[in-house]
Amino acid sequence: GAVVSQHPSWVICKSGTSVKIECRSLDFQATTMFWYRQFPKQSLMLMATSNEGSKATYEQGVEKDKFLINHASLTLSTLTVTSAHPEDSSFYICSAQEGMVGYTFGSGTRLTVV
Amino acid sequence: GQQLNQSPQSMFIQEGEDVSMNCTSSSIFNTWLWYKQDPGEGPVLLIALYKAGELTSNGRLTAQFGITRKDSFLNISASIPSDVGIYFCAGAGNFGNEKLTFGTGTRLTIIP
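Just so we're clear, the structure is a prediction, and the values are computed from it rather than from any experiment.

Definitions and limits used
Residues numbered from 1 in each chain as written. Chains lettered and ligands numbered in written order. Predicted model: local features only at pLDDT ≥ 70, side-chain atom pairs only at ≥ 80, totals over all residues. Heavy atoms only, no water. Pairing = 2+ DSSP bridges. Helix = DSSP H or I, 4+ residues; strand = E, 2+ residues; numbered from the N terminus. Axes fitted to C-alpha atoms, helices over the stretch in contact; angles between N-to-C directions. Core = buried A, V, L, I, M, F, W, Y, C linked by side-chain atoms within 4.5 Å. Buried < 20%, exposed > 50% of the residue type's maximum accessible area, 1.4 Å probe, protein only. Contact = heavy atoms within 4.5 Å. Buried area = accessible area lost by both parts, 1.4 Å probe. Salt bridge = Lys/Arg side-chain N within 4 Å of Asp/Glu carboxyl O. Polar contact = N/O pair within 3.5 Å; in protein donor to acceptor, adjacent residues only side chain to side chain. Nonpolar A, V, L, I, M, F, W, Y, C, P; charged D, E, K, R; others polar. Disulfide = S-S within 2.5 Å.

With respect to the sheet that holds strand β8 (residues 71-76) of chain B
All names here are of chain B.
Here's step 1: With antiparallel pairing, the five strands of this open sheet are ordered in space as β1-β3-β8-β7-β6. The sheet is open, and its two borders are formed by β1 (5-7) and β6 (55-58), each paired with just one other strand. With strand direction ignored, the average angle separating the axes of adjacent strands in the sheet is 15 degrees.
Here's step 2: Sheet topology places β1 next to strand β3 (residues 19-24); three bridges connect them, and they run antiparallel.

So this is what it looks like as structure tokens:
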């Protein structure tokens, strides 16, 4: 079945630094990838949709300059949290989509900003 | 962003009991999906529904796509300890071509 690898699974960073999260589709080409954010005991909230080779589409209220998304190939999308602050601490999850495969989720990245 | 209303918010049941949860929306969806999320993990797809009125089973799980296309339910029969987790419904306009809108989640706990 379709597998999406997300790395790292957890990261702790200092306030003001940037963190990059990778999302890879291992056995299929993902035309579209989605990035979600999930706070404790809450649902997944879509942050942005990225299509290979084009700019990401951000949801309302999501700062595109803070959450940089790059979808350079059909198997890799990255989310960079720039100048991270404690309020950016959250669980970030990616999802990759390709035709009949549908939506496959990564295992998530827990970001803690100290 | 928009979220689907999911109920109940949490359930405490004994092993072996059946479980039922549902999801409602003010908008029409062409696809309904049910996911399970374990702590610290991403959601895993349980059942996908593509047609209004469709009833689909996956082992002990059964889900239905409401006729109005604004709701769906998930039933779990004879619950076992590994059923513990958070269940999310999700709706999409067109499966694989649109972003998902997630429900608020149902947390299932099995009482020893």
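Remarks on the nonpolar core
Here's step 1: By size, the foremost hydrophobic cluster in this structure holds 23 residues, and its most contacted members are W35, L79, Y92 and L111 of chain A.
Here's step 2: Going through the elements one at a time, β2 (10-13), β3 (19-25), β4 (32-38), β5 (45-51), β7 (67-73), β8 (76-81), β9 (90-98) and β11 (109-113) of chain A are the ones with two or more residues in this core.
Here's step 3: The next biggest cluster of nonpolar side chains, apart from the first, holds 21 residues, and it includes M11, L61, F65 and L74 of chain B.

Some thoughts on the sheet that holds strand β1 (residues 4-7) of chain A
All names here are of chain A.
Here's step 1: A sheet is described by the order of its strands in space; here four strands give the open sequence β1-β3-β8-β7, paired in antiparallel fashion. Both edges of this open sheet fall to β1 and β7, since each of them pairs with a single strand only. With direction set aside, neighbouring strand axes in the sheet form an average angle of 15 degrees.
Here's step 2: Pairing geometry for β7 and β8, over five bridges, is antiparallel. In the strand pairing of β8, N70 is matched with T78.

What about the interface of chain A and chain B?
Here's step 1: Facing 20 residues of chain A, the contacting portion of chain B comprises 22 residues.
Here's step 2: Interface of chain A and chain B: buried area, both sides summed, is about 1500 Å²; carbon and sulfur atoms make up 58% of it.
Here's step 3: Of all residues in chain A, S43, Y103 and F105 of chain A give up the largest surface area on contact with chain B, accounting jointly for 37% of the area buried on that side.
Here's step 4: In this structure, the salt-bridge partner of K99 of chain B is E59 of chain A, at a minimum N-O distance of 3.0 Å.
Here's step 5: Joining chain A to chain B, the criterion identifies four residue pairs in polar contact (both at pLDDT 80 or more).
Here's step 6: Taken together, the elements giving at least two residues each to the side of chain A that touches chain B come down to β4, β5, β9 and β10 (102-105) of chain A.
Here's step 7: Partitioning the side of chain A that touches chain B into residue classes produces nine nonpolar, nine polar and two charged.

Points about the state of the cysteines
Working definition: the covalent bond between the sulfur atoms of two cysteines is a disulfide.
Residues and elements named next belong to chain A.
Here's step 1: Within this structure, the stated rule accounts for two disulfides over all chains.
Here's step 2: Disulfide pairing is shown between C23 and C94; the S-S distance is 2.0 Å. Here C23 and C94 share a disulfide; its torsion about the S-S bond, 80 degrees, makes the bridge right-handed. Highlighted residues: C23 in strand β3 and C94 in strand β9, separated in sequence by 71 residues. In this pair, the class of C23 matches that of C94, namely buried.

Note that all results are geometric; they support no functional claim without further evidence.
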